[in-house]
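Fold and geometry: a report
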Amino acid sequence: MSDTVTLTIDGQKVTVPAGTTILNAAAKLGIEIPVICYHPHLTANGLCRICSVDTGGRLQAAACVTACSEGMEVNTQCDDVMRSRKTILELLASTVDLHEAPEILTLMESYDADGQRFVDSEKRTAPIYDDNPFYLRDYNQCINCWRCVQVCADDAQYAFALNFDGRAYHTQIGTFMGDGMMDTTCVFCGQCVGVCPTGALKPKRQALLELGENPDEIFFQTRGGRKRRKGKNND
Ligand code: SF4
Ligand code: FES
């Protein structure tokens, strides 16, 4: 078996090492494919599908997890692909609060996505978890991209404090048995906050400053003091 594969992306031929994803092969040609759940330092899981491309098959392929194959013909910008991306963005906007997700908002603009298209759909409603001195979790802003779970697990921290919670439409990120963060294996490294693309995870100091709170009060609260906020895990 050859160590390389040659394929065509948007009409340009490229040869890459076997196993290279379409996303990385396209990048080699200077073709940018949009991503949301993908992060270059984390294991890709192909969850959001915004990176979908046409490979000539019945279904579009997620470029971040699909390996290139010999002779593959990829189209990253045909009408079907552009329409899928636009719809994905519109669906996301219909359920999740994206006001602090600048990269997604930029994509919505570029794909001319209408955030009101599915205006009657059910919005994600979740409590705001304020259960530790370091960061807040507002899953109303969470797109279930899984980045925080990956970085907390075997991609970096090996703490395994985060996982999924709930089922089907109500699936969201959570802790084991819904425990407050202080009762989990979290070591408060902040890496989950760093990779979150939507503001669902936010340093507590930042959140309190945005709320206009006094810096002295913030100092007290982020040194172990607590202030009650809505949410089931605030005890
Ligand atoms: S909290 Fe942030 S990083 Fe974690 S799944 Fe939700 S959006 Fe992604
Ligand atoms: S970026 Fe590829 S599936 Fe999300």
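Residues numbered from 1 in each chain as written. Chains lettered and ligands numbered in written order. Predicted model: local features only at pLDDT ≥ 70, side-chain atom pairs only at ≥ 80, totals over all residues.

1. Topic: the environment of Val-53
Just so we agree on the cut-off: Helix numbers and strand numbers start at the N terminus; a helix is a DSSP run of H or I with at least 4 residues, a strand a run of E with at least 2.
Here Val-53 shows up in strand β3 (residues 52-53). Taking the C-alpha atoms as reference points, Val-53 and Leu-23, separated by 30 residues in sequence, lie 9.4 Å from one another.

2. Observations regarding the nonpolar core
Spelled out, the test is: When buried Ala, Val, Leu, Ile, Met, Phe, Trp, Tyr and Cys residues are joined through C-beta atoms within 7 Å, the set is termed a nonpolar core. To sort residues by burial, count the other C-beta atoms lying within 10 Å of each one's C-beta; a count of 20 or more means buried, 12 or fewer means exposed, and anything in between means partly exposed. C-beta atoms are built from the backbone. Think of it this way: build a C-beta for each residue from its backbone, and any pair within 7 Å is a contact.
Ranked by size, the top nonpolar core spans 61 residues in total, and within it Ile-22, Cys-51, Ala-63, Cys-148 and Cys-192 carry the most contacts. With near-sequence residues (within four places) excluded, Cys-148 lies in contact with Leu-162, Ile-173, Cys-192, Val-195, Cys-196 and Leu-201.

3. Some words on the confidence of the model for the protein
How we decide: Residue-level confidence of the predictor, termed pLDDT, takes values from 0 up to 100.
The predicted model of the protein has a mean per-residue pLDDT of 91, with 93% of residues at 70 or higher. Every residue in residues 225-235 scores below 50 in pLDDT, and together they form 20 contacts with partners more than four places removed in sequence or on other chains.

4. So, the pairing of strand β2 (residues 12-17)
Quick reminder of the rule: What makes two strands pair is DSSP finding at least two bridges between them.
Here strand β1 (residues 4-9) pairs with β2 via 6 bridges, running antiparallel. Paired with Thr-4 across the bridge in β2 is Pro-17.

5. Focus on the pairing of β1
Residues of β1 alternate between two faces, with Val-5, Leu-7 and Ile-9 buried on one and Thr-4, Thr-6 and Thr-8 left unburied on the opposite face. Taking the residues that link successive antiparallel strands as the turn, the β1-β2 hairpin has 2 residues, and the phi of Asp-10 there is positive, at about 45°. Alignment of β1 against strand β5 (residues 73-74), held across 2 bridges, turns out to be parallel. Its bridge partner being in β5, Ile-9 is matched across the sheet by Val-74.

6. A short note on the sheet that holds strand β6 (residues 128-129)
Across the sheet, which stays open at both edges, the 3 strands sit in the order β6-β7-β10 with antiparallel pairing between neighbours. Only two strands of the sheet have a single neighbouring strand rather than two, namely β6 and β10 (201-203).

7. Considerations on the site of ligand 1
Formally: Using a C-beta atom placed from the backbone for every residue, we mark a residue as near a molecule or strand if that atom lies within 6 Å of it. Residue type decides the class: Asp, Glu, Lys and Arg count as charged, Ala, Val, Leu, Ile, Met, Phe, Trp, Tyr, Cys and Pro as nonpolar, and the leftover types, Gly among them, as polar.
In the vicinity of ligand 1 lie 14 residues, with Cys-142, Cys-145, Cys-148, Cys-196 and Ala-200 positioned nearest. Its residues placed into classes, the shell around ligand 1 shows 11 nonpolar, 2 polar and 1 charged.

8. Some words on unusual backbone geometry
Even without being a glycine, Tyr-158 presents a positive backbone phi close to 55°. In this structure, Tyr-158 sits in the loop between α4 (147-152) and β8 (163-165). When the 10 C-beta atoms within 10 Å are taken as the criterion, Tyr-158 is described as exposed. Notably, Phe-188 is not glycine yet its phi reads approximately 55°, a positive angle. As for its position among the elements, Phe-188 is in the loop between β9 (172-174) and α5 (191-195).

9. What about helix α2 (residues 79-95)?
Worth spelling out the cut-off: Helix span, as expected, comes to 1.5 Å for every residue beyond the first. The directions considered for the arc run from the helix axis to the C-beta atoms.
For α2, built from 17 residues, the straight-helix expectation of 24 Å at 1.5 Å per residue is met to within 8% by its first-to-last C-alpha distance of 25 Å. All of the buried residues in α2 are Arg-85, Ile-88, Leu-89, Leu-92 and Ala-93. The arc that holds the buried residues of α2, viewed along the axis, is 130°, so those residues lie on one side. Facing away from the buried surface of α2 by more than 90 degrees, the exposed residues are Asp-79, Asp-80 and Arg-83. Buried positions along α2 lie against β3 and α3 (102-110).

10. Things to note about the environment of Thr-20
Topologically, Thr-20 is positioned in the loop between β2 and α1 (22-28). For the pair formed by Thr-20 and Thr-4, sequence separation is 16 residues and the distance between their alpha carbons is 9.0 Å.

11. Here's the deal with the environment of Lys-28
Relative to the helices and strands, Lys-28 resides in helix α1. Residue Lys-28 is classed as partly exposed on the basis of its C-beta count, with 13 C-beta atoms lying within 10 Å. The sequence separation of Lys-28 and Leu-136 amounts to 108 residues, and the corresponding C-alpha distance is 38 Å. Leave out the neighbours within four places in its chain, and Lys-28 touches Val-14 and Val-16.

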